[in-house]
Amino acid sequence: MSQVSFEEIGKQKPGHTPRGVPVVAFDPYSDEVMSNPYPYYQELREAGPLVWMQRYGTYAVGSYSSVVRVLTDHASFCSSAGVGLTNFHTETPWRKPSIILEVDPPDHSRTRKVFSRILSPRSLNKLRERFEQEAEAIVSRVVAKGVCDGVKDLAEAYPLKVFADAVGLPPDGREHLLPYGDMVFNAFGPQNDRFRECLARLGPSIEWINEVCQRKNLREDSFGAELYAAADAGEITHEEAGMLVRTMLSAGLDTTIFTIGNALACFARNPDQWAIVRDNPAIARQAIEEVLRYDSTFHSFYRTATRPVTLEGMQIEKNQKILVFVASANRDTSHWAGADTFDVHRKPAANVAFGTGIHGCAGQMIARLEAEIVLKALAAQVERIELLGAPELHFNNTVRGYASLPLRFVAKQDKGD
Ligand code: OVM
């Protein structure tokens, strides 16, 4: 890993205010906005389909249609300048850019093909049984405990076991995954206090991550082993296989952990909705989709204009960053009836929690699988999910979830039926 120059990352660019583009003043990364971003997202959508974020000197889109427009035009709105505030064309990234996320076609197509195959529904089938057994065991444990922390005891415990196992990681040292992921997602935002404090806490996690990405540290019969097998077959290089293991470890933990936590919070706060899932677990998959729409885990990321481009009737200059608020698109009342209501019966429609277009989340099928299986295991054993105190948010520049959820899982009287 090359020496990084953190001073340069995410410097606020006062910049000019483009003429004719509505200006929005709030700081999307502030604790206040992150605590409850939805009123701010409404303000954003009401200002217009394309706005100027005063605080950081970038454009932004928050309506469903403009978000989809940006994400489905990768030729005009690229990823190779980074999908954070940092512009890789002019500033130094904090780590070697990802070879699947921070890259455009044709380079992207080659790595994406291998990655997608390994995470395809077909290859995930063989994991289902193990994932179910593990969910049943973890849920039994929290039910037996009665009072628990829904984050530590369930939302974190589950992916740290099943996903890390699936990648092929050794059992020891997995505690490094969370600070590393936190850093990855903070680094998509500005170099604010949150970024600096996270960096200061990182310790040896980067070294541990780089170490376990090596072939010799990955178990056989794992995603990691399959990536190196693709290298043996000449589809990618061996160095690229290691970089793609790094992608799995960067993108695959915090995201699923926060999604499971958000689901627990949604159901604790909406007992009628829990009763629907409990009494009809076949709806679990659809219910997870509603959690992802209602409280999207990934809030925002950027694209960069590759040329002067007209969007929503306004001119964007080449090399400008555009902040894409997927969590806002998923609450757009002009697209979703009753957008602010959590309703597991909602007809599944294409929410953009996983993005869309060529960079749409490559891990979305395993993410859904983990969340669905956890929900079904809860449905089998849990009558009610009670919130015992105020949930504690985890603040991050890109992903939203909980640091702790004081919960009681009330066991069903009659589990077997
Ligand atoms: C990567 C990466 C890291 C974070 C997120 C992500 C959403 C990818 O290292 O490729 O996708």
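Residues numbered from 1 in each chain as written. Predicted model: local features only at pLDDT ≥ 70, side-chain atom pairs only at ≥ 80, totals over all residues. Heavy atoms only, no water.

S.K.: Residues and numbers for the overall build of the protein, please.
M.R.: When you go through the protein residue by residue, the secondary structure sums to 17 helices and 13 strands. Against the 2.2 N^0.38 benchmark of 22 Å for 417 residues, the protein shows a C-alpha radius of gyration of 21 Å, consistent with a compact globule. Projecting the C-alpha coordinates of the protein onto the three principal axes gives extents of approximately 65 × 50 × 40 Å. Restricting the contact set of the protein to residue pairs at least 6 apart, pairs at least 24 apart contribute 74%. Within the structure as shown, the protein displays about 16,900 Å² of accessible surface, and the carbon and sulfur contribution to it stands at 52%. Averaging the locations of the 46 positively and 52 negatively charged side chains of the protein gives two centres separated by 3 Å. (Helix = DSSP H or I, 4+ residues; strand = E, 2+ residues; numbered from the N terminus. Rg over C-alpha atoms; globule rule 2.2 N^0.38 Å. Contact = heavy atoms within 4.5 Å. Areas by Shrake-Rupley, 256 points an atom, 1.4 Å probe, with all protein chains shown as cover. Lys, Arg positive; Asp, Glu negative; His and termini not counted. Charge placed at Lys NZ, Arg CZ, Asp CG, Glu CD.)

S.K.: Describe the nonpolar core, with residues and values.
M.R.: Across soluble globular proteins, you tend to see nonpolar side chains buried next to one another. Of all hydrophobic cores here, the largest spans 121 residues; its most connected members are Phe-223, Phe-267, Leu-378 and Phe-409. Core analysis: the next-biggest nonpolar cluster, separate from the first, contains 18 residues, Leu-44, Tyr-56, Ala-60 and Tyr-302 among them. (Core = buried A, V, L, I, M, F, W, Y, C linked by side-chain atoms within 4.5 Å. Buried < 20%, exposed > 50% of the residue type's maximum accessible area, 1.4 Å probe, protein only.)

S.K.: Explain the site of the ligand to me, using residue names and the numbers behind them.
M.R.: Around the ligand sit Arg-95, Ser-98, Ile-100, Leu-101, Val-184, Phe-185, Phe-188, Thr-247, Ser-250, Ala-251 and Phe-298, and that is every residue in its neighbourhood. Contact distances for the ligand include 2.7 Å between an oxygen atom and a side-chain N or O atom of Arg-95. Here an oxygen atom of the ligand and a side-chain polar atom of Ser-98 are 2.5 Å apart. Taking 300 Å² as the accessible area of the ligand by itself, protein coverage stands at 87%. Breaking the shell around the ligand down by element, the ones donating at least two residues are helix H8 (177-186) and helix H12 (238-251). Element by element, the count of residues in the shell around the ligand is highest for H12, at three residues. Considering only residue class, the shell around the ligand consists of seven nonpolar, three polar and one charged. (Near = heavy atom within 4 Å. Polar contact = N/O pair within 3.5 Å; in protein donor to acceptor, adjacent residues only side chain to side chain. Nonpolar A, V, L, I, M, F, W, Y, C, P; charged D, E, K, R; others polar.)

S.K.: Give me the side chain of Asp-332: which residues, what numbers.
M.R.: One can find Asp-332 in the loop between helix H16 (326-329) and helix H17 (364-381). One buried charged side chain, Asp-332, makes no salt bridge at all; its nearest oppositely charged neighbour is Arg-45, positioned 4.1 Å away. Engagement of the side chain of Asp-332 in a polar contact is seen with the side chain of Ser-334, the distance being 2.7 Å. For Asp-332, the residues in contact, after removing those within four places along its chain, are Arg-45, Ser-63, Tyr-64 and Ala-339. (Salt bridge = Lys/Arg side-chain N within 4 Å of Asp/Glu carboxyl O.)

S.K.: Describe the sheet that holds strand S5 (residues 147-149), naming the residues involved and giving the relevant values.
M.R.: Pairing within the open sheet is antiparallel, and its three strands lie in the order S5-S13-S10. The sheet is open, and its two edges are formed by S5 and strand S10 (382-387), each paired on a single side. Direction aside, neighbouring strands of the sheet carry axes that sit 35° apart on average. Pairing of S5 with strand S13 (residues 406-411) involves three bridges; the strand directions are antiparallel. Opposite Val-147, over in S13, you have Arg-408 as the bridge partner. Sheet contacts for helix H13 (residues 254-269): S10 and S13; angle to S10, the most-contacted strand, approximately 95°. (Pairing = 2+ DSSP bridges. Axes fitted to C-alpha atoms, helices over the stretch in contact; angles between N-to-C directions.)

S.K.: Describe the sheet that holds strand S4 (residues 77-78), with residues and values.
M.R.: In spatial order, the strands read S1-S2-S3-S9-S6-S4; together these six strands make up an open sheet with mixed pairing. Two strands in the sheet have a free side with no partner beyond their single neighbour: strand S1 (23-24) and S4. For strand S3 (residues 58-61) and strand S9 (residues 321-325), the ladder comprises three bridges, and the chain directions are parallel. By the bridge assignment, Val-61 is partnered in S9 with Val-324. In the packing of helix H3 (residues 64-71) onto the sheet, contacts are made with S3, S4, strand S6 (300-305) and S9, and the angle to S9 comes to roughly 130°.

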